[in-house]
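# Inside the fold
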Amino acid sequence: MALLKILTEGNPILRQKSKSIDKITKRHKELAKNMLETMYNAPGVGLAAPQVGVLERIIVIDTGDGPIVVVNPQIISREGEYRDAEGCLSIPGRNEYITRSQQVVVTGMDLAGKKVKIEASGLLARAFQHETDHLDGILFIDYLEET
Ligand code: NI
């Protein structure tokens, strides 16, 4: 395992759209492990592959209930709204209140290539929304201009 360098705001990679993963390889499994290690070391509760310079759709999250890795995550439904403080490992030192959906349902694959469907609320739902946004080049500060 290895710690990866986390790219920070201003790096154009963070603004690109990540590619879907058709076949999960050993390289993806290693990437996920290293992303988790990097996230825990930071410390943070979520990390998306583009933040470590890889433009592929994979996210890792741990909001206190153990590690979650989702490949090709997709938010298929949203419910409710809540506002809370949010930060990002790519924008160190900045915290802002952002409105997010209270509950989401996320689909995707695990590292074994098995389909997963996760129902999340609160902080976990927020983390899924934040990390999935990274795969589309969206940063949480983008929402500030809209409100
Ligand atoms: Ni982030």
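For clarity, every value in this text was computed on a predicted model and none was experimentally measured. Sequence order as written defines the numbering, with residues in each chain counted from 1. Where totals are concerned, whole chains, interfaces and linings use all residues; where local detail is concerned, this predicted model gives features only for residues with pLDDT of at least 70, and gives and counts side-chain atom pairs only at 80 or more. Processing note: side-chain calculations cover all non-hydrogen atoms of the structure and skip hydrogens and water entirely.

### Looking at the coordination of the nickel ion
This is how it is decided: Note that water is not among the atoms used; donors are N, O and S atoms within 2.8 Å of the metal (3.2 Å for Na, K and Ca), so sites may look incomplete. Here a strand is any run of E in DSSP of at least two residues, a helix any run of H or I of at least four, and the numbering for each starts at the N terminus. For each residue, the accessible area found with a 1.4 Å probe, counting protein chains only, is set against the maximum for its type, and the residue is called buried under 20%, exposed over 50%, and partly exposed in between.
Protein-derived coordination of the nickel ion comes from C88 (SG), H130 (NE2) and H134 (NE2), at a distance range of 2.1 to 2.2 Å. For the nickel ion, the donor residues sit on a single chain with the sequence spacing C-x41-H-x3-H. One end of the pair, C88, is in the loop between β4 (82-86) and β5 (96-100); the other, H130, is in helix α2 (residues 122-134), and 42 residues separate them in sequence. Across the pair, H130 and C88 agree in class, each one buried.

### Section: the sheet that holds strand β3 (residues 68-79)
Rule in force here: Two strands pair if DSSP finds at least two bridges between them. Every axis corresponds to a line fitted to the C-alpha atoms, with the helix fit spanning only the stretch in contact, and the corresponding angles, defined between N-to-C directions, vary from 0 to 180 degrees. The contact rule is simple, with two residues in contact once any of their heavy atoms fall within 4.5 Å.
The strand order across the open sheet formed by five strands is β1-β2-β3-β6-β7, and the pairing between neighbours is antiparallel. The open sheet has two edge strands, β1 (46-48) and β7 (115-121), and neither has a second partner. Neighbour to neighbour, the strand axes of the sheet diverge by 40 degrees on average, direction disregarded. Strand direction decides the pairing type here: β3 and strand β6 (residues 103-109), joined by six bridges, are antiparallel. Along β6, the bridge assignment pairs R78 with V104. Packed on one face of the sheet, helix α1 (residues 26-41) meets β1, β2 (58-61) and β3 and runs near 35 degrees to β2.

### Digging into the side chain of E86
Note the cut-off: As used in this structure description, the phrase polar contact means that two N or O atoms lie within 3.5 Å; if the pair is within protein, one of them must be able to donate a hydrogen and the other to accept it, and residues adjacent in sequence are counted only when both atoms belong to side chains.
Turning to its location among the elements, E86 is positioned in strand β4. A relative accessible area of 4% means that E86 is categorised as buried. A polar contact is formed between the side chain of E86 and the side chain of R126, at a distance of 2.6 Å. In this view, E86 contacts R94, N95, E96, I98, R100, R126, H130 and F140; residues no more than four positions away in its chain are not counted.

### Description of α1
We count it as follows: Residue count minus one, scaled by 1.5 Å, sets the expected span of a helix.
Here α1 spans 23 Å end to end across 16 residues, near enough to the 22 Å set by a 1.5 Å rise per residue. Taken together, the buried positions of α1 are H28, L31, A32, N34, M35, L36, T38 and M39. Contacts made by the buried residues of α1 are with β1, β2 and β3.

### Concerning the nonpolar core
Inclusion rule: Put simply, a nonpolar core is a bunch of buried Ala, Val, Leu, Ile, Met, Phe, Trp, Tyr and Cys residues held in one set by side-chain atoms that sit within 4.5 Å of each other.
L31, M35, L47, I58 and V60 are the most contacted members of the largest nonpolar core, which has 17 residues in total. In terms of residue count, α1 provides more of this core than any other element does, five residues in total. In this structure, V60 is in contact with A32, M35, L36, M39, V45, G46, L47, I68, V69 and E131, ignoring residues within four places of it in sequence.

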